[in-house]
Structures are given as C-alpha cells and as structure tokens.
Amino acid sequence: MKKKISVMMLFTLVATILLIFVSITSAFICQNDNGYIDNLDIEKGYTLFSPERSQTTYLINYGKEVVQTWKSDYTPGHSAYLLENGNLLRPVFLGAHPVFLSGGMGGGVQEFDWNGTVLWDFKYSGDTYLSHHDIEPLPNGNILMIAWEQKTLNEAISAGRNPESVSVFGVWPDYIIEVKPTGPTTGDIVWEWHVWDHLIQDFDQTKENYGVVENHPELIDINFGVTNPDWLHTNSIDYNDEFDQILLSVHNFHEVWVIDHSTTTEEAAGHTGGNSGKGGDILYRWGNPRTYRAGGSNDQKLFGQHDARWIEPGFPGEGNILVFNNGLGRPEGKYSSVDEIVPPVDDYGNYFYTTGLAYGPEDPIWIYTAENPTDFYSSMISGAQRIANGNTVICNGKKGIFFEVTYEKETIWEYTNPYPIINANAVFKIERYPSNYPGLANLMQQPINPDKPNGITYGENGKEYNYTSFSYDPQEDQIYYWFDWGDGTNSGWLGPYNSGENVTASHIWTRRWIYDIKVKAKDIYGHESGWSESLTVYIPRNRIIDLPILRFFEKHPILFNLLKLFL
C-alpha cells in the first residue's frame, strides 16, 4: 500500500531541493514563446500580371492561387505595378486611336487602392499624341510615361528624312514625360525628353542636323529603321535611382538606350547639362551597332526585344541590364532568350566608349534559352526579372506562360495564365514581389492570435477531452487551426473554418502529467498567427494532489516547474 504524501511534506521536499535545481528551474523560467516564424519564403513571393484581353489585374502567390484582383473599365495598356503603399498603378487602353494605330496603344494611367477604388484616372491622349506600352513609377511619386507624337510628312522631310521612307501619315517619334499627379484626374508634366531633339542624318546636307552618323552615336539617325509611321516603337522604360538615368527598349532599332534624367526639360532638349553634361543625348546604347554604323548585321545582338531593366541593387548582377530578347528575325532561327549584359559604366554613371567601335560588351554575361532553343519563343511582348536569390522570373508573353529559372537555368516554378480564357491569355510582362514587399502589407495580415483554448483543466489519462477556440482574419479569409497538446503531439492543421467560427479539437493523454496546450491559426494563404494563451491541463498520477493544491503551485512558477518532477 502506497504511503500518502501530505501537502506540508511535499512543500518541504520542494523547498529543500530548490537551491540544487535552481539552474534547471532557470531554464524552465527563461523559456519564451515568441510566437511563430513566418514560414513563407520571401524569395517565393507574389506575381502580378494584367492579361492583354482582360480588364482584371491578378496577383497570385507561389502556390498559383489568386490572392488579389483589381477590376478596371479598360484592358491594360500594357504593364502593371504594385506600389509600396499597396496601390496598383496600371496603364490603360482607351480604344483604337484615329491616328496612332499600332500595337501598344494606351491613352492613360489609373491608380487603384488595395480594395479596387480608382484614386487617379489620368488620360494622355490627343489628336497628335498618345501614351503607349509602359510606365515607370519614380521614388518621388511621379510617373514616367512613353508617348508618341505625330510629325507630318513635311515635318519629317524638313528633319532630313528621306521622302521615300515617309508615308502620308508622317512619322511618330517617341518621347518621355514625367507626370506629377495633382488631382483625381489631373497631372502636371514636370519634365520631357523628345527623340525629335536628338536627330542626325546624312541624307540632306541642307538641314541643320546634317552630319556624319558614325561620328555621333549619341544621336539618332532619322533614316535608320522601318518606314511605317511607328518608327521606333519604344516598348519599355526603367529608372536607375543611383545615376538618375532612364533605360528604354527601342524595339524597331533592336537596341536599348540610356538617357539622362537629371536634366531640366530645356537641357533634355539640347546636348549639354545634367549629371552627364550631355543634355538629352544618348549616353549608352546596345544591341545593334548598325544604328550608328559601328557594325554590320553579324554584330546585331537584340532582335525585337522587350522589357529592358536594370537588376536591382543588392540582387545578384546588380546594375547589369536584363532584357527579353524576343528573337524576331534572329538569323539562327526563331527562338527567344533572356540576356544579361554588363554595361561599361563607372561609379558615377559615365559610360566608356571608343570612337568608331560598338558600345560594349561584346556579348552578354548570361543567356537563358531552352535546352532546345526553338522550344522557347515569343515573337512579341514578354519580359524577365532578376529576383533577390539570383533566379530569373520569365514571362513568355504570347503564350501566357510564366516560369522561374535558377542561374544554372533549371526551371523550378511554372504557371500558365488561364485568364480570360486559355486560348487568349497573352500577358505583356509580369512583376514578382517578395513576401516582405511593403506593398503586400495588406495581404500579409495574419489572423489574430486565437482565443485561449476552452475545455476541462483536470482530467484522467486515457480519456478523450474536447477543446474549442476561434480567431478572426482581418481580410475575412478562411482559417486553419493547429492545437499543440503539450505532450509532443499536435492536431495538425484543421479546417478551413470561416473567420470567427469556433473550432473543436479532441485529444487523449496517455501519461499522467501537467500539460500546457495552445493553438495557433493561419489563413488559407499561409499567413500564421502567433500562439494563443496556454491552458494548463492536469492529469496527475498522485490522487492526493488535488486541484486546489495544483492551483497553489501554479501561482509560484519556480515551485510549479519543480512540482512537475514529482507528479
């Protein structure tokens, strides 16, 4: 027959060994539950895209689930960007223009808040001008926009264009504007740069811009390129905050250009001023040295490219230029590539150039193609983006296929856009945002910490007991729950349940002990809460240790942890 242990005897025993076990008890006391560690790999991130034939812009997670949408009255024109404040900035296509009938037509920009309310609806469309293709949000809150301006047949000829290369519709040179939003539908143009201010030609020596083309790579030969009105077809724009420079993809020249943004509008129209001292002249160009007569057809590197962008600071390859090289008219065959080049630039944004030669580099430092090159081809649109872990996210725009490749060119993620329908799913380009991007803060709101589990606190081993809890999600997403039973086991994720709905879980303890049970929640997109407050459940082996005694020790943490050694 077992000898009973009185409360006083037990208290004396605990007090006696207190000093001996002080280091052990300290370990118990110092344990601190800091909640959870976010299990979302920030490199996986979220992908933003705006299908060409849809009025809806989509944000998907790495699991390919749609987590947010924005609905516009317009189809895109054509890119989309998530700002750091969580707003969506999206060019719009207003419909066919009576003059500028060409791919990439736009006409305006809209900004939406996270919930889809239009905050800014700026139109840039007139009889002689139209925004098109791409925009670039600036750190100061302004927006860079690409636009066409119409030059008549006579204006083109007056600028030295060969009359045989001009149609009756004239020519549409590109220009860049910087717009400062001023109201719900208004904006001030605070800076401009026009191709038309930087021309050279050797066709008509009676014109002021007559010169030796090969001696002036900083200027644009008005007689190079296609003869249709959409002469240049600039299709992307990017900004370098370190150098205050702009990068353009000039489709019909098969080149990328860099220009100085540090100029005033007046300086941008000339050849001096700005950080470069060169005004609005081209600082750097690459892809087709035939445009300034520094090479032949064998020296052409780009073929109808899209989405030229600098690799972001802190990312592998930072400062290099990444471009989706569509391969349109590529002599080796119809295949696309993603090319990374190292521009010959110093720490101050000055580009090295040897007179009479092509701008470097000779070749890209990295090229992605399919193992069988012709398996990867998009004759139009498309883009690529380097992300923080060194991988590259690629958009095969014509087919609406997005995929992520490692630097070793292994595909580790792929998604086919199903919107609006699978056979009409083209996408101009995509943007990948890491999970810690400030603009995703609304999406990243996890459920609140669940309520303390509710159920019996004094029981017997071998019996099943039920416990309930609940949580709320700020966005009313459905919720999963995870009960930790304190004995090394758990419930696994239960659910999903509606936000605020009670969840019940049951458990059987097979060993007499004192257990702290707790519960955490996560929404259907994987964003976890912290742990709830713990509920202590007593399953004692010694019947004389009744509930009041346990309550007494529970109020004294050091004694309570030592008590567990004897139960």
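About the criteria used
- Residues numbered from 1 in each chain as written.
- Predicted model: local features only at pLDDT ≥ 70, side-chain atom pairs only at ≥ 80, totals over all residues.
- Heavy atoms only, no water.
- Helix = DSSP H or I, 4+ residues; strand = E, 2+ residues; numbered from the N terminus.
- Buried < 20%, exposed > 50% of the residue type's maximum accessible area, 1.4 Å probe, protein only.
- Contact = heavy atoms within 4.5 Å.
- Areas by Shrake-Rupley, 256 points an atom, 1.4 Å probe, with all protein chains shown as cover.
- Polar contact = N/O pair within 3.5 Å; in protein donor to acceptor, adjacent residues only side chain to side chain.
- Phe/Tyr/Trp six-rings, centres within 6.5 Å; stacked < 30°, edge-to-face > 60°.
- Patch = residues over 30% accessible without salt bridge, like charges linked within 9 Å, V, L, I, M, F, W, Y side chains within 5 Å.
- Salt bridge = Lys/Arg side-chain N within 4 Å of Asp/Glu carboxyl O.
- Lys, Arg positive; Asp, Glu negative; His and termini not counted.
- Charge placed at Lys NZ, Arg CZ, Asp CG, Glu CD.
- Core = buried A, V, L, I, M, F, W, Y, C linked by side-chain atoms within 4.5 Å.
- Pairing = 2+ DSSP bridges.
- Axes fitted to C-alpha atoms, helices over the stretch in contact; angles between N-to-C directions.

For this particular structure, what's the right way to read the overall build of the protein chain?
Regarding its fold elements, the protein chain presents 6 helices and 33 strands. A burial count over the protein chain gives 53% of its 567 residues as buried. Summarising the internal contacts of the protein chain: among those between residues at least 6 apart in sequence, 58% fall at separations of at least 24. With an accessible surface of roughly 25,100 Å², the protein chain has 51% of that area assigned to carbon and sulfur atoms.

I keep staring at unusual backbone geometry and nothing clicks. Help me out?
If a residue is not glycine, its phi is most likely negative; likewise, a peptide bond is most likely trans. Here Gly360 and Pro361 are connected by a cis peptide whose omega angle stands at 10°. Mapped onto the elements of the fold, Pro361 is located in the loop between β21 (337-341) and β22 (366-368). Of the consecutive residues Tyr419 and Pro420, the connecting peptide bond is found in the cis state with omega at -10°. Relative to the helices and strands, Pro420 is located in the loop between β26 (411-416) and β27 (427-433). In this model, His254 sits at a positive phi of 55°, which is unusual for a non-glycine residue. Relative to the helices and strands, His254 is located in the loop between β16 (245-250) and β17 (255-260).

Help me out: how do you make sense of the environment of Thr182 in this one?
Mapped onto the fold, Thr182 is located in the loop between β11 (174-181) and β12 (187-194). Using a relative accessible area of 43% as the deciding quantity, one classes Thr182 as partly exposed. When residues no more than four places from it in sequence are discounted, the contact partners of Thr182 are Gly187 and Asp188. One polar contact links Thr182 to Thr186, side chain to side chain, over a distance of 2.7 Å.

I tried to follow the packing of aromatic side chains on my own but got confused; where do I start?
Here the structure, examined in full by the defined rule, presents 36 aromatic pairs. Aromatic side chains Tyr58 and Tyr419 sit 4.0 Å apart centroid to centroid with 10° between the ring planes, which places their arrangement in the stacked category. Of this pair, Tyr58 sits in strand β2 (residues 56-60) while Tyr419 sits in the loop between β26 and β27; the two residues are 361 residues apart in sequence, bridging distant segments of the chain. Aromatic side chains Phe324 and Phe376 sit 5.7 Å apart centroid to centroid with 85° between the ring planes, which places their arrangement in the edge-to-face category. Note that Phe324 is positioned in strand β20 (residues 321-325) and Phe376 in the loop between β22 and β23 (383-386), a separation of 52 residues in sequence.

Which parts of the structure should I look at to understand a negative patch on the surface?
Among the surface-exposed residues, Asp241, Glu242, Glu318 and Asp347 lie close enough to one another that they form a single negatively charged patch. Structurally, Glu318 can be placed in the loop between β19 (306-310) and β20.

Would you mind showing me how to read the side chain of Ser276 here?
Tracing the sequence through the fold places Ser276 in the loop between α4 (265-268) and β18 (284-286). Side chain to side chain, Ser276 and Asp260 meet in a polar contact 2.8 Å long. Here the side chain of Ser276 touches Lys278 through a polar contact of 3.0 Å, landing on its backbone nitrogen. Beyond its immediate sequence surroundings of up to four residues, Ser276 is in contact with Asp260 and Leu283.

What is the right way to read the pattern of salt bridges from this model?
Once the charged atoms of two side chains with opposite charge are near each other, the side chains can pair. Throughout the structure, instances matching the rule amount to 19 salt bridges. Linking Lys301 and Asp363 is a salt bridge whose minimum nitrogen-to-oxygen distance equals 3.2 Å. In this pair, Lys301 is assigned in the loop between β18 and β19 and Asp363 in the loop between β21 and β22, connecting sequence segments 62 residues apart. The exposure class assigned to Asp363 is partly exposed, which follows from its relative accessible area of 43%. When the shortest N-O distance is used, the salt bridge between Glu404 and Arg432 registers 3.1 Å. Pair noted here: Glu404 is in strand β25 (residues 401-405) and Arg432 is in strand β27, with a separation of 28 residues, a long-range link. Taking relative accessible area as the criterion, Arg432 reaches 4% and is therefore assigned buried. What you see here is one network of salt bridges that share partners, running through Asp134, Asp307, Arg309, Lys429 and Glu431.

Would you take a moment to explain the nonpolar core for this structure?
Within soluble globular proteins, side chains that are nonpolar generally end up buried alongside one another. Of all hydrophobic cores here, the largest spans 30 residues; its most connected members are Leu48, Leu59, Trp70, Leu82, Met145, Leu440 and Leu443. Put simply, the parts of the chain that give this core at least two residues each are β1 (46-51), β3 (66-71), β5 (81-82), β6 (88-93), β7 (107-112), β8 (118-123), β10 (143-149) and β11. Judged by nonpolar contacts, the second largest core, of 28 residues, contains Trp193, Phe224, Phe253 and Trp257.

Help me understand the sheet that holds β19 in this model?
Hydrogen bonds between backbone groups are what pair the strands of a sheet, and the pairing can be parallel or antiparallel. Spatially, β19-β20-β21-β22 is the arrangement adopted by the 4 strands of the open sheet, whose pairing is antiparallel. A strand with exactly one partner marks an edge of an open sheet, and here the two such strands are β19 and β22. Sheet twist, expressed as the mean angle between neighbouring strand axes with direction ignored, is 15°. Strand direction decides the pairing type here: β19 and β20, joined by 3 bridges, are antiparallel. Looking across to β20, one finds that His306 is bridged to Phe324.

I'm lost on the sheet that holds β26 in this one. Help?
The strand order β23-β24-β25-β26 describes an open sheet built from 4 strands, whose pairing is antiparallel. Of all strands in the sheet, those with a lone pairing partner are β23 and β26, marking the two edges. Across this sheet, the average inter-strand angle for adjacent strands is 15°, counted without regard to direction. For β23 and strand β24 (residues 392-396), the ladder comprises 4 bridges, and the chain directions are antiparallel. Pairing of Gln385 across the sheet is with Val393, part of β24.

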